Amino acid sequence: MFELFKRVKTVVNSELNSLIDKAEDPIKMVEQYLREMASDIQEAEKATAKIMAEEKLLKMKWEEAQSMVEKREEQAIHALQENNEDLAKRALEDKGRLQQEADQLEQLFVEASKTAADLKEKLTEMKSEYRDMEMKKATLKSRSQSAKARTNINRSMSMHNSEGSKKGFKRMEEKVLRYEAEAETSEDLNVSSRTLDDELKEMEKKSTVDEELRLLKERIANQSNVTNE
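Definitions and cut-offs
Residues numbered from 1 in each chain as written. Predicted model: local features only at pLDDT ≥ 70, side-chain atom pairs only at ≥ 80, totals over all residues. Heavy atoms only, no water. Helix = DSSP H or I, 4+ residues; strand = E, 2+ residues; numbered from the N terminus. Buried < 20%, exposed > 50% of the residue type's maximum accessible area, 1.4 Å probe, protein only. Contact = heavy atoms within 4.5 Å. Areas by Shrake-Rupley, 256 points an atom, 1.4 Å probe, with all protein chains shown as cover. Core = buried A, V, L, I, M, F, W, Y, C linked by side-chain atoms within 4.5 Å. Salt bridge = Lys/Arg side-chain N within 4 Å of Asp/Glu carboxyl O. Expected span 1.5 Å × (residues − 1). Lys, Arg positive; Asp, Glu negative; His and termini not counted. Polar contact = N/O pair within 3.5 Å; in protein donor to acceptor, adjacent residues only side chain to side chain.

Novice: When you look at the overall build of the protein in this model, what are you seeing that I'm missing?
Specialist: Scanning the protein from terminus to terminus reveals five helices and zero strands. Sequence-ordered secondary structure for the protein, helices as α and strands as β, is α-α-α-α-α. When burial is assessed residue by residue, the protein has 19% of its 229 residues classed as buried. Long-range contacts, defined here as pairs at least 24 residues apart, represent 86% of the contacts in the protein between residues at least 6 apart. Of the accessible surface of the protein, which amounts to about 17900 Å², a share of 52% is contributed by carbon and sulfur atoms.

Structure follows, in structure tokens:
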């Protein structure tokens, strides 16, 4: 039975990386060992309960036999007091037989008590190891998941071309900078174009006013000449 515990301890105490390298899933294997341990514990509980029941029955029979021994001795004494030596002798003979049975029952009871105590101690040890295994299983599961995650990340990083990504990022950054420069240039051109248009319009407006002023002067001059005539 305890050969199983040795195998389980070997699995639990071994390094997690060596477990992962195997084809067997370490968590599934530990869970299987736990199921086997639980089954062994159930069998041990049944065996312990059976021997404890036997111990109780032997004790009861031993006490009954011992009680009969004492009873036959009292009966022998009573027979002698009644001057019935033959009956007293027969009572003592039966007392001897009963004493042998009581001695045998006592020996069986002592052996059963020792066996029951050993089984209870081993059952306690089995349950303690099972609880330890459950706690270690949780730790193993966490370590296994962490190791697998690191392995996946490292595998992804090894497959990933970081230099190529850096160069691509740099190229995109330069492209964005070029877009920004083109946008600023177009804005400058737009401002420049608006300034030129404004100056041309201002010039046209000024020319129109000057022409109107010239025409107005001519009209006034013509009116003055007509009046003088």
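Novice: Got a minute to help me understand the nonpolar core in this structure?
Specialist: A general trend in soluble globular proteins is that nonpolar side chains are found buried together. Core analysis: the biggest nonpolar cluster contains eight residues, these being I51, L58, A65, A102, L105, F109, A112 and A116. Sorting the residues of this core by element identifies helix 3 (26–81) and helix 4 (85–159) as the ones contributing at least two each. Per-element tally for this core: the top contributor is helix 4, with five residues. Not counting residues within four places of it along the chain, the set of residues in contact with A65 comprises L98, A102 and L105.

Novice: Explain the pattern of salt bridges to me, please; I cannot follow it from the model alone.
Specialist: Think of it this way: side chains of opposite charge can pair up when their charged atoms draw near. With the rule as written, the count across this model stands at seven salt bridges. The residue E45 makes a salt bridge to K127 at a minimum N-O spacing of 3.1 Å. Placement of E45 in helix 3 and of K127 in helix 4 is noted, with a sequence separation of 82 residues between them. Its relative accessible area of 32% is what places E45 among the partly exposed residues. Among the salt bridges present, the one from R72 reaches D94, with a minimum N-O distance of 2.5 Å.

Novice: Is there a simple way to explain helix 3 in this structure?
Specialist: Note: α-helices contain 3.6 residues per turn, so residues at a spacing of three or four share the same orientation. Helix length check: helix 3 (56 residues) gives 81 Å between terminal C-alpha atoms against 82 Å at 1.5 Å per residue, within 8%. A positive phi of about 60° marks N83, the residue just after helix 3.

Novice: Explanation requested: the side chain of E55 in the structure shown.
Specialist: Mapped onto the secondary structure, E55 falls in helix 3. Within the buried set, E55 has no salt-bridge partner at all; the shortest N-O distance to an opposite charge, 5.4 Å, is to K120. Separated by 2.9 Å, the side chains of E55 and S113 make a polar contact. Setting aside residues up to four positions removed in sequence, E55 forms contacts with F109, A112, S113 and A116.

Novice: Before we go on, may I ask you to explain unusual backbone geometry in this structure?
Specialist: What is expected of a backbone is that most residues other than glycine have negative phi and most peptide bonds are trans. Phi at N83 is positive, roughly 60°, even though this residue is not glycine. Along the chain, N83 turns up in the loop between helix 3 and helix 4.

Novice: Please clarify how the environment of L87 should be interpreted in this entry.
Specialist: Counting through the fold element by element, L87 comes out in helix 4. The spacing of L87 and A76 is eleven residues in sequence and 7.1 Å in space, taken between C-alpha atoms.

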